[in-house]
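# Structural features, examined
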Amino acid sequence: MYKRIWAVLLVLATVAAACGDDDDAGGAGTPEGGDTSEEAADFDPNGVLRYGVSLSGQGVSGRLAPFASTSVCDVLVMAPIYDTLTHTNPLNGELEPGLADGWEVVDERTVELTLREGVTFHDGSPFDAEAVKAGLERNAAPDAAQTGSSLTAIDSIEAVDDLTVRINLSEPVAGSIPAILSGREGMIVAPSALETADTEPVGAGPFRLTEHQPGQQLTYEKNEDYWNADEVHLAGVELVESEAGPPTTNALLAGEIDMAQISPDLLGGLEGDPNIEIAEQPARSYYKLNWNLAEPPFDNLQFRQAINHAIDREAVLAAVFEGMGSVAWGPFPEDFYGYSPDVEGVYDYDPEEAQRLLEESGVDDPSFTAFVPPTPVFTRFAEVIQAQLAEVGIDVEYVQSTDIVQDYFTDKGQPATVILWPPRPDPVDTLRVQFTPGNFNNLGEYSNDELNGLVDQILATDDQDERQPLFQDGSQIVVDEALDLPVAYAPLLHAARSNVGGEVVQNENCQGVDFTKLQINAE
């Protein structure tokens, strides 16, 4: 039978970011959660990890430049090449040094970054302030596919000296910038490759891309000049096309791949192999029903509250996620520093209360149509929600969509959709882009003066002590107003063959793992 490795590395939460206060998590190797130092001393220096992932379907876009990326899943492909200026710890959301080993929020409109000394790009050119300035300016350009929208507040960038970058902002949002730079926005392309990076990427990350077969495979080799190369134990990585679901399970069992992300429903297919280990890590992405607050019946508060009371979240976990994961009461998980315990149970499972609210809502036709992505997990999730709402008299029909961004967020083809909301580099964006006006994800232009003000205050500071009560108050408004239907935080799961050692550091959603923490064990 496979071995389950509980990857809740609470010890990592004690690692302080260098500036006060992507990606540490538990290990494949020990049930306690990952002290694999014994394995780390006995690794194959020529080991290449074959990682299975769908490269031809939904998810990875195939773009290789951060400013050309159109999907958060592209982080899996690009992080090995570029690294990022800062890192976000996936367990606690705290910022840690990356290619910048320090940063300072000088005031509400100014941020200064201090770069690591002696870093070079794969082409040998210096990773200095001028290069970072050019890279950030390209990522912030209006034609940048997605990074530009996160960096619109940048007014100018200065190379103060070789290792100091000053970012001047047109709005008082400096507190958000260091965290944003832990995402694609903080991936810096070498100046020599700014025109060609989408096909011939050059970064300063731990691996360099040596071959790209679109939709089939990407091959990387270790960058021996990486700033932390001594701690990188893989000689290379191969991202191999592997269709999600049973094909990935079969590839793991056959030894065709060494590792892959899996969903809970696939665990049963791995039970017969003692050479498979499962790493589990709490997720910060939550499954939910999203709705357009300007469209009936979702413009009715009591109707939205009725839906929230009608859902048995524990039953959803059992039916869809094999009982794994945790209940989502609000927009942030329990281990987030800004979590508010007051949101727990505001909408406990209470069908009678749901029916009472439904009657008081005055909604004549308690029914709606929603989009659902055509994957097994989303389909099962949608079916369970549909059945539970039917029990209180709310009828739901689903329309499949392979492009939720286009069909729901752009075209507004239906008033609701099932989605998985991933955390943003700066968690304030979970509040800002969903629930404040002028943002793409806020379809109905919902506006709440108190919430808007709280978001503005969060954006102005990076001090967690100052941010914490603001996040808590903002979360309470989102829950009290029933601005969405949060249901479940499903676990992050990776399956690996027993030849894989090190720490399994899982990134959110489809963004894979941190390959710098893994190794192929010596035979």
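Data block above holds the structure.
The model shown is predicted, which means the values in this text are computed figures rather than measured ones. (Residues numbered from 1 in each chain as written. Predicted model: local features only at pLDDT ≥ 70, side-chain atom pairs only at ≥ 80, totals over all residues. Heavy atoms only, no water.)

## Remarks on empty space enclosed by the protein
Taking a probe equal in size to a water molecule and rolling it over the atoms shows the remaining empty space. Short version of the rule: The rule is simple: put a 1 Å grid over the protein atoms alone, call a set of points where a 1.4 Å probe fits but cannot get out a cavity, call an open set with protein on both sides within 12 Å along at least five of seven lines a pocket, and count a residue as lining if it has an atom within 4 Å of a point. Grid points are joined across faces, edges and corners, and a volume is the space filled by probe spheres set on the points. Following the grouping adopted for this structure description, the nonpolar residues are Ala, Val, Leu, Ile, Met, Phe, Trp, Tyr, Cys and Pro, the charged ones are Asp, Glu, Lys and Arg, and the polar ones are all others, Gly among them.
Space inside the largest cavity adds up to approximately 90 Å³. In terms of lining residues, the largest cavity is bounded by 13 residues, among which N290, W291, L293, Q434 and N441 are the most central. In terms of residue class, the lining of the largest cavity is built from six nonpolar, six polar and one charged. Put simply, the second largest cavity is a space of about 40 Å³. Together, N308, W329, G330, Y347, V478, V479, A482, L483, D484 and P486 line the second largest cavity. Residue classes in the lining of the second largest cavity are distributed as seven nonpolar, two polar and one charged.

## Topic: helix α2 (residues 75-82)
Helical periodicity: at 3.6 residues per turn, an α-helix aligns residues three or four positions apart in one direction. Quick reminder of the rule: To sort residues, take the accessible area from a 1.4 Å probe on protein chains only and compare it with the maximum for the residue type: under 20% means buried, over 50% means exposed, and anything in between is partly exposed. Under the DSSP-based scheme used, a helix requires at least four consecutive residues in state H or I and a strand at least two consecutive residues in state E, with every element numbered from the N terminus. Any two residues having at least one pair of non-hydrogen atoms within 4.5 Å are treated as being in contact.
Burial within α2 is extensive, with seven of its eight residues counted as buried. Where α2 is concerned, the buried positions are V75, L76, V77, M78, P80, I81 and Y82. Tucked into the core, α2 has its buried residues touching β2 (48-53), β9 (207-213), β10 (217-222) and β11 (236-241). At the exit of α2 stands D83, carrying a positive phi of roughly 60°.

## Quick look at the side chain of T88
Going by this rule: Throughout this description, a polar contact denotes any pair of N or O atoms lying within 3.5 Å of each other; where both atoms belong to protein, one of them has to be capable of donating a hydrogen while the other can accept it, and for residues adjacent in sequence the pair is counted only when both atoms sit in side chains.
Relative to the helices and strands, T88 resides in strand β3 (residues 86-88). Within the structure, the side chain of T88 is placed 2.7 Å from the side chain of S182, a separation counted as a polar contact.

## Quick word on the environment of G102
Residue placement: G102 occurs in strand β5 (residues 100-107). Taking C-alpha positions, G102 is 40 Å from W291, a pair spaced 189 residues apart along the chain.

## Considerations on the nonpolar core
Quick reminder of the rule: In these notes, a set of buried Ala, Val, Leu, Ile, Met, Phe, Trp, Tyr and Cys residues joined through side-chain atoms within 4.5 Å is what counts as a nonpolar core.
The biggest cluster of nonpolar side chains holds 128 residues, and the ones touching the most others in it are L85, F127, I167, L239, F368 and F515. Looking at which element gives the most residues to this core, the answer is helix α10 (residues 376-390), with seven residues. Setting aside chain neighbours within four positions, we find F515 in contact with L49, Y51, L76, P80, F207, L234, V237 and L239. Within the second largest apolar cluster, 14 residues are counted, among which are I262, L266, I276 and A495.

## Describing helix α6 (residues 246-253)
Put simply, the rule is: It is the directions from the helix axis to the C-beta atoms whose arc is reported.
Buried within α6 are the following residues: T248, T249, A251 and L252. Along α6, the residues classed as buried sweep out an arc of 160° about the axis, all on the same side. The inward-facing, buried residues of α6 contact β12 (259-262), β13 (276-281) and β20 (492-497). Downstream of α6 by one or two residues, G255 has phi in the positive range, about 75°.

## Some thoughts on the packing of helix α12 (residues 428-435) against helix α14 (residues 464-480)
To be explicit about the condition: A fitted line through C-alpha atoms represents every axis, and for helices the fit uses only the stretch in contact; the resulting angles, taken between N-to-C directions, go from 0 to 180 degrees. Should the near helix be turned anticlockwise from the far one by less than a right angle, the crossing is termed left-handed; should it be turned clockwise, right-handed.
Where α12 contacts α14, the axes come no closer than 10 Å and their chain directions differ by 40°. For the pair α12 and α14, the crossing hand works out as left-handed. Of the residues in α14, those in contact with V428, L431 and F435 of α12 are R467, F471, G474 and V478. Tallied by class, residues from the contact of α12 with α14 come to five nonpolar, one polar and one charged.

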